[in-house]
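# Overview (structure and organization)
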Amino acid sequence: KQEVTQIPAALSVPEGENLVLNCSFTDSAIYNLQWFRQDPGKGLTSLLLIQSSQREQTSGRLNASLDKSSGRSTLYIAASQPGDSATYLCAVSHYSGGGADGLTFGKGTHLIIQP
Amino acid sequence: DAGITQSPRHKVTETGTPVTLRCHQTENHRYMYWYRQDPGHGLRLIHYSYGVKDTDKGEVSDGYSVSRSKTEDFLLTLESATSSQTSVYFCAISDPTAGQETQYFGPGTRLLVL
């Protein structure tokens, strides 16, 4: 059974810092990996998707890397802003038929950016 | 934002009653998913569908059934609701056969079973 772990569970940093969120998974035979953010009481917003054959993806100030063989991914946030405060979730999928069979999620990193 | 709506957005019901949640999409995506989110457990897959009338179970499928009679709608039914099914339910869509691997999530339904 796939298990996804996110470290740290919570993080509070001053505005402007660069930071790294970590995600690890136990079964390296993944189809893809997604990073999401979730604001309190809201749904999930997709940030980045990395296919199993890729090493990294970038979107604006966000960069996600994937090391499938070691079962690790990191989300790098550059020049953090108070608006980045949210819970960040990592999730992996496996291949089934023509696509993904659903995501297995970590419990998230609760991020607070202090103004 | 992906065109996904969930109804109802909030519901309070009593133990033993049947409940149906609806997910509606306007994106014509082939895959649809139901997840639940609980404190301490995070998000977990209940059921998913890879086409009309094609469904499969997820990690926490006991006590739930699903139906997909047309591409745009995916229904989740709690045949006899229990207090342990109090949760926030999210629907998601994707279409890997069309190159849309990313799963997009709906706004969620908050269900309270008394």
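Whatever comes next refers back to the structure up there.
A few points on the structure. (Residues numbered from 1 in each chain as written. Chains lettered and ligands numbered in written order. Predicted model: local features only at pLDDT ≥ 70, side-chain atom pairs only at ≥ 80, totals over all residues. Heavy atoms only, no water.)

Residue and element names in this part refer to chain A. Sheet topology places strand β6 (residues 56-59) next to strand β7 (residues 62-67); four bridges connect them, and they run antiparallel. When the sheet's bridge partners are listed, Ser 59 is paired in β7 with Leu 62. A loop of two residues connects β6 with β7, the two strands running antiparallel in sequence, and Gly 60 in this loop sits at a positive phi of about 60°. (Pairing = 2+ DSSP bridges. Helix = DSSP H or I, 4+ residues; strand = E, 2+ residues; numbered from the N terminus.)

A few words now on the sheet that holds strand β3 (residues 19-25) of chain B. Residue and element names in this part refer to chain B. In space, the four strands of this open sheet follow the order β1-β3-β8-β7, with antiparallel pairing throughout. Edge positions in the open sheet fall to β1 (4-7) and β7 (64-70), since each of these has one partner strand only. Pairwise comparison of adjacent strand axes, ignoring direction, gives a mean angle of 20° for this sheet. For β3 and strand β8 (residues 73-78), the ladder comprises six bridges, and the chain directions are antiparallel. Among the inter-strand pairings, Thr 20 is bridged to a residue of β8, identified as Thr 77. (Axes fitted to C-alpha atoms, helices over the stretch in contact; angles between N-to-C directions.)

Attention now moves to the interface of chain B and chain A. Many descriptions give the size of an interface as the accessible area lost when the pieces come together. With 20 residues of chain B at the interface, the matching set in chain A holds 24 residues. A buried area of about 1,600 Å², summed over both sides, lies between chain B and chain A, and 52% of it is on carbon and sulfur atoms. By the criterion of area lost to chain A, the three top residues of chain B are Leu 43, Glu 101 and Phe 105 of chain B, representing 31% of everything that side buries. Where chain B packs against chain A, one counts one salt bridge. The salt bridge involving Lys 1 of chain A is made with Glu 59 of chain B; its shortest N-O contact spans 3.4 Å. Inspection of the region where chain B meets chain A yields five residue pairs in polar contact (both at pLDDT 80 or more). Looking at the side of chain B that touches chain A residue by residue, the class counts come to 10 nonpolar, seven polar and three charged. (Contact = heavy atoms within 4.5 Å. Buried area = accessible area lost by both parts, 1.4 Å probe. Salt bridge = Lys/Arg side-chain N within 4 Å of Asp/Glu carboxyl O. Polar contact = N/O pair within 3.5 Å; in protein donor to acceptor, adjacent residues only side chain to side chain. Nonpolar A, V, L, I, M, F, W, Y, C, P; charged D, E, K, R; others polar.)

Moving on, we come to the pattern of salt bridges. For side chains bearing opposite charge, pairing can occur when the charged atoms are close. Within the structure shown, the criterion is met by seven salt bridges over all chains. A salt bridge links Asp 39 of chain A to Arg 37 of chain A; the shortest N-O distance between them is 2.7 Å. Residue class for Asp 39 of chain A comes out partly exposed when judged on its relative accessible area of 27%. Note that Asp 73 of chain B is salt-bridged to Lys 70 of chain B, the shortest N-O span being 3.7 Å. Taken together, the shared-partner salt bridges connect Arg 22, Lys 70 and Asp 73 of chain B into one network. (Buried < 20%, exposed > 50% of the residue type's maximum accessible area, 1.4 Å probe, protein only.)

This next bit is on the packing of aromatic side chains. Inspection of every chain in the model, using the stated rule, returns 12 aromatic pairs over all chains. Aromatic pair Phe 36 of chain A and Phe 105 of chain B: ring centres 5.3 Å apart, planes at 85°, arrangement edge-to-face. A residue pair is termed interchain when its members come from two chains, as with Phe 36 of chain A in strand β4 (residues 32-38) and Phe 105 of chain B in strand β10 (residues 100-105). A relative accessible area of 10% places Phe 105 of chain B in the buried class. (Phe/Tyr/Trp six-rings, centres within 6.5 Å; stacked < 30°, edge-to-face > 60°.)

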